[in-house]
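The lines below spell out each chain.
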Amino acid sequence: MTHYYETDGQAIYNQSFSIIRREADLERFSPEEEIVAVRMIHASGMVGLEKSIEFSPGMAVKARSALEQGAPIFCDARMVSEGITRTRLPSENEIICTLHDDGVFELARQIANTRSAAALELWRPKLEGAVVAIGNAPTALFHLLNMLEDPECPRPAAIIGCPVGFVGAMESKEALMQDLPVPSMTVRGRLGGSAITVAAINALASRKE
């Protein structure tokens with residue numbers, strides 16, 4: 001039996017986004033936020049995700065502006081850094097993941113924390129004005145929030161904090177939106193993950209669907 005199906009990639013995208021906009025409740029999002037929410041729903045395959053997506057006021061505009069000005073993107077995991085579509089980046093933005101850098105394992109032992117958290121200590125030299133994308137490790141998001149309690153710590157332009165999981169994920173995201181050290185967005189609860197986080201970055205990087 002021969003199977004017939006849509007073979008045009010752009011047509012598949014267009015139909016997918018049309019279905020999402022027809023079925024999802026997107027009314028509470030600004031135009032800039034809607035672009036991000038739609039792509040996150042697309043990445044998850046789950047209409048209804050929009051109920052858990054939260055932006056601080058102006059976050060989407062701030063993050064997009066930072067990327068357009070060449071801000072680096074810091075990622076907590078390779079699944080995030082490798083998923084970003086380079087051709088969508090507006091200014092050949094540097095993508096940085098320090099999880100496997102030399103010394104991270106030893107630093108994690110010294111600070112009695114995970115490698116995901118320890119790796120963030122290597123971000124400090126370029127963190128000012130950067131866009132942070134955390135899609136895997138709640139410990140990384142908690143550690144970032146603790147770092148930013150220090151007034152001398154460089155401040156990123158925006159944080160996408162969407163770690164996934166059953167231990168600490170929900171709590172770390174609640175802490176992000178409560179502390180709100182810089183403009184931020186998240187997916188409330190246990191939901192999240194690398195694909196959703198990558199989708200947010202790709203949407204902020206370019207309006208093109």
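Here, the structure is the one placed above.
Everything quoted here is computed from the prediction, not taken from an experiment.

A. Inspection of the packing of helix α3 (residues 59-68) against helix α9 (residues 194-205) at higher detail. Where α3 meets α9, the closest approach of the two axes is 9 Å, and the angle between their N-to-C directions is 70 degrees. If you check the angle between α3 and α9, you find them roughly perpendicular. Here M59, A60, A63, R64 and L67 of α3 come into contact with α9, specifically with I201, A203, L204 and A205. Along the lines of polarity and charge, the residues of the contact of α3 with α9 split into eight nonpolar, no polar and one charged.

B. Representation of the pairing of strand β6 (residues 184-187). Neither face of β6 is left uncovered, since the one carrying S184 and T186 and the one carrying M185 and V187 both have all their residues buried. Examined bridge by bridge, strand β1 (residues 53-55) and β6 share three bridges and lie antiparallel to one another. Note that in β6 the partner of E54 across the bridge is T186. Once you follow strand β5 (residues 158-161) into helix α8 (residues 169-179) and on to β6, the crossover reads as right-handed.

C. Quick look at the pattern of salt bridges. Inspection of the entire model under this criterion finds nine salt bridges. A salt bridge links E121 to R124; the shortest N-O distance between them is 2.9 Å. Residue R124 is classed as partly exposed on the basis of its relative accessible area, which comes to 29%. Each of E32, R64, E68 and R207 takes part in a single network of salt bridges with overlapping partners.

D. Focus on the side chain of R88. Relative to the elements of secondary structure, R88 occurs in the loop between α4 (78-81) and β3 (95-96). Relative accessible area serves as the criterion here: at 14%, R88 is assigned to the buried category. For R88, the contacting residues outside a window of four places in its chain are R39, N202, A203, A205, S206, R207, K208 and E209.

E. Main features of the packing of aromatic side chains. Under the counting rule described, the total for this entry stands at three aromatic pairs. Aromatic side chains F29 and F55 sit 5.9 Å apart centroid to centroid with 80 degrees between the ring planes, which places their arrangement in the edge-to-face category. Of the two residues, F29 sits in the loop between α1 (9-23) and α2 (31-44) while F55 sits in strand β1, which places them 26 residues apart along the sequence. When the ring of F74 is compared with that of W123, the centres are 5.0 Å apart and the planes differ by 35 degrees; the resulting orientation is tilted. Of this pair, F74 sits in strand β2 (residues 73-75) while W123 sits in the loop between α6 (115-118) and β4 (131-134), and the two are 49 residues apart along the sequence. For F74, a relative accessible area of 1% puts it in the buried group.

F. Up close: the sheet that holds β2. With mixed pairing, the six strands of this open sheet are ordered in space as β1-β6-β5-β4-β2-β3. Both edges of this open sheet fall to β1 and β3, since each of them pairs with a single strand only. Pairing between β4 and β5: four bridges, direction parallel. Within β5, the position partnered with V131 by the bridge is A158. Strand contacts of helix α7 (residues 138-147): β4 and β5, with the helix running at about 145 degrees to β4, the strand carrying the most contacts.

G. Expanded view of α3. Those residues of α3 not exposed but buried are M59, A60, A63, R64, A66 and L67. The buried residues of α3 occupy an angular sector of 160 degrees when the element is viewed end-on, so they sit on one face. Positive backbone phi, approximately 95 degrees, marks G70, located one or two places after α3.

Thresholds, definitions, all that
Residues numbered from 1 in each chain as written. Predicted model: local features only at pLDDT ≥ 70, side-chain atom pairs only at ≥ 80, totals over all residues. Heavy atoms only, no water. Axes fitted to C-alpha atoms, helices over the stretch in contact; angles between N-to-C directions. Helix = DSSP H or I, 4+ residues; strand = E, 2+ residues; numbered from the N terminus. Parallel < 35°, antiparallel > 145°, perpendicular 65-115°, else oblique. Contact = heavy atoms within 4.5 Å. Nonpolar A, V, L, I, M, F, W, Y, C, P; charged D, E, K, R; others polar. Buried < 20%, exposed > 50% of the residue type's maximum accessible area, 1.4 Å probe, protein only. Pairing = 2+ DSSP bridges. Right-handed = clockwise from strand over helix to strand, strands pointing away. Salt bridge = Lys/Arg side-chain N within 4 Å of Asp/Glu carboxyl O. Phe/Tyr/Trp six-rings, centres within 6.5 Å; stacked < 30°, edge-to-face > 60°. Arc of directions from axis to C-beta.

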